[in-house]
Amino acid sequence: MSDSTSTASAAPPAARRNNPLRGIAFLCAGAFAFSVHDIGVKWVSGDYPLSEVLLIRSATAAPLILLMVIADVGIRGLAIGQVGLLLARSVVLLVGYFVYYLGLSAMQFADAVALYMSVPLIIVALSGPFLGERVGLLRWLAVVAGFCGVVVMLQPGRGVLEPAAALVLLCAFLYSCGMVIGRRLGATVPASVMSFYSNGLFLIASVGIGLVFNALQLPEAGHPSIDFLTRPWIWPSWKDLLVMVSCGVTAALGIAGLTFAYREAEANLVASFEYTALVWAVIWGFLVWGDIPKPTTIAGAALIVGAGLVALLAGQRRAA
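Residues numbered from 1 in each chain as written. Predicted model: local features only at pLDDT ≥ 70, side-chain atom pairs only at ≥ 80, totals over all residues. Heavy atoms only, no water.

S.K.: Mind laying out the pattern of salt bridges, listing which residues take part and the relevant values?
M.R.: Counted under the stated rule, the structure contains three salt bridges. Across the pair Arg22 and Glu264 runs a salt bridge whose closest N-O atoms are separated by 4.0 Å. One end of the pair, Arg22, is in helix α2 (residues 20-44); the other, Glu264, is in helix α11 (residues 238-264), with 242 residues separating them in the sequence. By relative accessible area, Arg22 is classed as partly exposed at 43%. The salt bridge partner of Asp111 is Lys294, with a shortest N-O separation of 3.4 Å. In this pair, Asp111 sits in helix α5 (residues 109-116) while Lys294 sits in the loop between α13 (276-289) and α14 (295-319), placing the two residues 183 residues apart along the sequence. Since its relative accessible area comes to 26%, Lys294 is described here as partly exposed. (Salt bridge = Lys/Arg side-chain N within 4 Å of Asp/Glu carboxyl O. Helix = DSSP H or I, 4+ residues; strand = E, 2+ residues; numbered from the N terminus. Buried < 20%, exposed > 50% of the residue type's maximum accessible area, 1.4 Å probe, protein only.)

Quick look at the structure:
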């Protein structure tokens with residue numbers, strides 16, 4: 001899961017937006033990095049608690065994101081005035097991250113990513129009532145079509161209807177709320193600074209949540225999502241520690257790629273390439289876990305992606 005939409009919607013206006021090919025390249029690289037990051041989290045989800053995984057991941061990413069802030073706006077860029085709004089956004093994203101990875105641990109990789117791809121459509125739905133933006137009929141129709149795709153994927157019986165799918169959809173909603181807040185911050189707070197503060201909160205919260213469940217020592221519940229949340233910390237093997245550290249590196253690389261992407265080209269152009277994450281999800285799901293997408297996954301994902309592209313194009317036309 002990436003902070004891509006926040007970068008798209010919250011980055012301050014770039015002085016240079018004249019290199020679409022470079023912007024697309026950065027975007028695709030960032031989406032690829034985040035897909036590798038999610039593989040690492042899912043890979044260790046059966047043996048370690050999520051709080052431990054995110055602690056190691058966030059601790060690794062922190063100095064790398066700080067370097068990105070320094071390269072982007074300088075160390076003084078961390079001194080900001082809208083701390084309350086920034087903290088609110090970070091809390092919403094923290095909960096979004098947690099529920100996404102809890103859902104991912106119990107679902108096929110491509111199913112989870114496809115459901116998460118409804119985020120741009122939710123943002124469109126929220127931007128009218130909360131930001132006062134004029135959405136337009138075509139974009140509303142795209143939102144309806146996208147949610148029809150979600151219904152196709154969640155059909156009773158043979159679909160992906162299970163509690164973990166609800167967690168991913170909750171993440172999509174929370175993440176969209178975080179992006180709406182990010183739009184209010186974006187005029188004065190660079191995306192790299194937002195990422196730094198969010199990562200810092202993830203680091204602190206992971207320690208707190210881990211201490212709570214270590215003290216409780218709850219028995220295994222038998223569901224991957226619940227166990228990923230409640231199991232106590234254990235000392236990781238060197239191989240698994242390397243996987244968790246690599247999650248921090250790929251998260252930082254993904255944030256950097258997406259930040260630079262929206263600096264190089266118009267957001268409405270490069271944003272459509274965020275859907276390449278779904279292609280990687282299908283590939284990684286098959287290569288790593290042998291997952292074969294269900295017909296409902298393919299049909300629902302096609303509706304979600306198609307609707308998202310229509311919404312992006314309609315927004316680009318309105319902005320022109």
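S.K.: Now, about the packing of aromatic side chains: what can you tell me, with residues and values included?
M.R.: Considering all chains together, one arrives at twelve aromatic pairs under this definition. Residues Phe32 and Trp284 carry aromatic rings whose centres are separated by 6.0 Å and whose planes lie at 50° to one another, so their mutual orientation is tilted. With Phe32 in helix α2 and Trp284 in helix α13, this residue pair connects regions lying 252 residues apart in the sequence. Centroid distance Tyr100 to Tyr101: 5.1 Å. Interplanar angle 75°. Geometry classified as edge-to-face. (Phe/Tyr/Trp six-rings, centres within 6.5 Å; stacked < 30°, edge-to-face > 60°.)

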